[in-house]
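What the coordinates show
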Amino acid sequence: MEKILEVDNLHVTFTTYGGTVKAVRGVNFDLYKGETLAIVGESGCGKSVTSNAIMRLIPDPPGKISNGIIKFKGRELTKLSEKEMRSIRGVDISMIFQDPMTALNPTLTIGSQLMEGLRQHHTISRDQAKKKAFEMMDLVGIPNPEERLKQYPHQFSGGMRQRIVIAMALICEPELLIADEPTTALDVTIQAQILELFGKIQEQTGVSIILITHDLGVVAKIADRIAVMYAGKIIEVGTKREIFYHTQHPYTKGLLKSVPRLDLQGEKLVPIDGTPPDLFSPPIGCPFTARCPLAMEVCDKVYPNSSQLSDTHEVDCWLQDERAKQLLAATATK
Ligand code: SF4
Ligand code: MG
């Protein structure tokens, strides 16, 4: 499978009056053509910062990509100028956010906004742009494009507006779409429709998707693989099956118990006690130690190695770390 994106040892910091926040602390992942990777975690875990870093949208200052590599189709994005990045954003990589209104201009018709995006980056005639806009309206499931394109954002419902934003993100045929909490602002039925739409779009266009969410329910529908983030790190990554049914990390287990699941109806929801660590001075060991029911002495002293459980499943936890067995053996013989 063709690798579209490689993120290697990404670190992002924010300098504030109170000190430096280490928001992303050594994130690694790959993304393949046509796949959906979900990045899941509580708010503040670094998932949005990771996606903004890929788009090079970290405001510098106060933010900074302090280390790491982000390769998109072999091109090192962290080395590109802002001008070069502008030719990639919206064309090769597009992003959509939670609130569609922030992406839409209330004073312009949907048609002119759709076509403007296209004509900014490509020299094409008005007629060709209009044809493409019609195709996009069809792709995202908005009927009567002739009339609808003449209307303004306020004339659409929230769900329809998110469809328009998706159409705008896709009109230049990007190879990567990053969606940051794209359904969080919508009610449950509309959420389901938008998620279905992502699946359909992927089938038709082959676009790779990074879906950022705090909601594992959303992920269950459309993700191929899931990366779970905690305190600026990916602590477990695997296929959807591995994460849901062969869960290894105590934090992932906690997350799964704290959200409603269609396949486990009637199970009691249990919130995870405690709060994530302060990222001004993150712990040197496992950042979940203070909340982990299985924490051992070594956990807050040394960060666990990443253990490869299958080709696709990887976890950072001392319970899987080979060195733990040696430590136990050593203590036993003392
Ligand atoms: Fe819990 Fe230790 Fe694993 Fe961290 S490394 S999740 S504290 S068992
Ligand atoms: Mg966020």
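No experiment lies behind these values; they were computed from the predicted model shown.

Here the focus is the overall build of the protein. Regarding its fold elements, the protein presents twelve helices and twelve strands. Its C-alpha radius of gyration of 21 Å places the protein within 12% of the 20 Å reference for a compact globule of 334 residues. Each principal axis of the C-alpha atoms in the protein carries an extent, and together these give about 80 × 50 × 40 Å. For the protein, with 334 residues in total, the buried portion stands at 39%. Long-range pairs, those at least 24 residues apart, make up 65% of the contacts in the protein with a sequence separation of at least 6.

This part takes up the packing of helix α4 (residues 110–121) against helix α5 (residues 126–139). Two numbers describe how α4 lies on α5: the axes approach to 9 Å, and their chain directions differ by 115 degrees. As α4 packs across α5, the resulting crossing turns out to be right-handed. Only Ala129, Lys130, Lys132, Ala133 and Met136 of α5 make contact with α4, whose side of the interface consists of Gly111, Leu114, Met115, Leu118 and Arg119. Here the residues of the contact of α4 with α5 are counted per class, giving six nonpolar, one polar and three charged.

Turning our eyes to something else, we now look at the sheet that holds strand β10 (residues 233–239). Taken in spatial order, the eight strands of this open sheet run β6-β7-β8-β3-β9-β10-β12-β11, and their pairing is mixed. Only two strands of the sheet have a single neighbouring strand rather than two, namely β6 (93–96) and β11 (306–308). Taking each pair of neighbouring strands and ignoring which way they run, the sheet shows an average axis angle of 20 degrees. Taken together, the two bridges between β10 and strand β12 (residues 314–316) define a ladder with antiparallel strand orientation. In the strand pairing of β12, glutamate 236 is matched with valine 315.

Moving on to the environment of glutamine 326. Its location among the elements puts glutamine 326 in helix α12 (residues 322–333). A count of 10 C-beta atoms within 10 Å places glutamine 326 in the exposed class. Placed 262 residues apart in sequence, glutamine 326 and lysine 64 show a C-alpha to C-alpha distance of 39 Å.

Taken together, 14 residues sit near ligand 1, with Cys286, Cys292, Cys299, Cys317 and Trp318 positioned nearest. Taken together, the residues of the shell around ligand 1 break down into twelve nonpolar, two polar and no charged.

It is worth spelling out the nonpolar core at this point. In terms of nonpolar packing, the biggest core is built from 84 residues, with Ala53, Ala167, Ile226 and Val228 touching the most fellow members. Take this core: its biggest share by element is seven residues, from helix α7 (residues 158–170). Counting contributing residues per domain, this core is built from domain 1 (3–92 + 177–333) and domain 2 (102–173), each supplying no fewer than three. Once residues lying within four places of it in the same chain are set aside, the contact partners of isoleucine 226 are Ala38, Val40, Val219, Val237, Gly238, Lys240 and Ile243.

This brings us to the UniProt feature "domain: ABC transporter" (unreviewed entry) in the protein. What UniProt calls "domain: ABC transporter" (unreviewed entry) maps, in this numbering, to residues 5–256. In this annotation, residues 5–256 is assigned 40% helix and 28% strand; the end-to-end C-alpha distance for the span is 27 Å.

Taken together, the four strands give an open sheet; going across it, the order is β2-β1-β4-β5, and neighbouring strands pair in antiparallel fashion. What marks the edges here is a single partner per strand, and that holds for β2 (19–32) and β5 (75–76).

Cut-offs used in this document
Numbers given for residues are sequential positions, taken from 1 along each chain in its written order. Chains carry letters from A onward and ligands carry numbers from 1 onward, assigned in written order. Confidence filtering applies because this is a predicted model: local features only for residues at pLDDT of at least 70, side-chain atom pairs given and counted only at 80 or more, and all residues used for totals across whole chains, interfaces and linings. Numbering of helices and strands runs from the N terminus; a helix is a DSSP stretch of H or I covering at least four residues, while a strand is a stretch of E covering at least two. Put simply, the radius of gyration uses C-alpha atoms, and a globule should come to 2.2 Å times the residue count raised to 0.38. Put plainly, a residue is buried at 20 or more neighbouring C-beta atoms within 10 Å of its own, exposed at 12 or fewer, and partly exposed in between, counting only other residues' C-beta atoms, which are placed from the backbone. Two residues form a contact once the distance between their C-beta atoms, set from the backbone, is within 7 Å. For helices, the axis comes from a line fit to the C-alpha atoms of the stretch in contact; other axes are also lines fit to C-alpha atoms, and the angle between any two N-to-C directions lies between 0 and 180 degrees. Crossing chirality is assigned from the near helix's rotation relative to the far helix, an anticlockwise turn below a right angle marking it left-handed and a clockwise turn marking it right-handed. Nonpolar residues are Ala, Val, Leu, Ile, Met, Phe, Trp, Tyr, Cys and Pro. Charged residues are Asp, Glu, Lys and Arg, and all others, Gly as well, are polar. At least two bridges found by DSSP between two strands are what make those strands a pair. By convention here, the C-beta atom is placed from the backbone, and a residue is near a molecule or strand when that atom is within 6 Å of it. We define a nonpolar core as a collection of buried residues of the types Ala, Val, Leu, Ile, Met, Phe, Trp, Tyr and Cys that are connected via C-beta atoms lying within 7 Å of each other. An automatic or database domain assignment supplies the residue ranges for each domain. UniProt positions are given in the numbering used here, feature names are shortened, and annotations may be inferred rather than shown by experiment.

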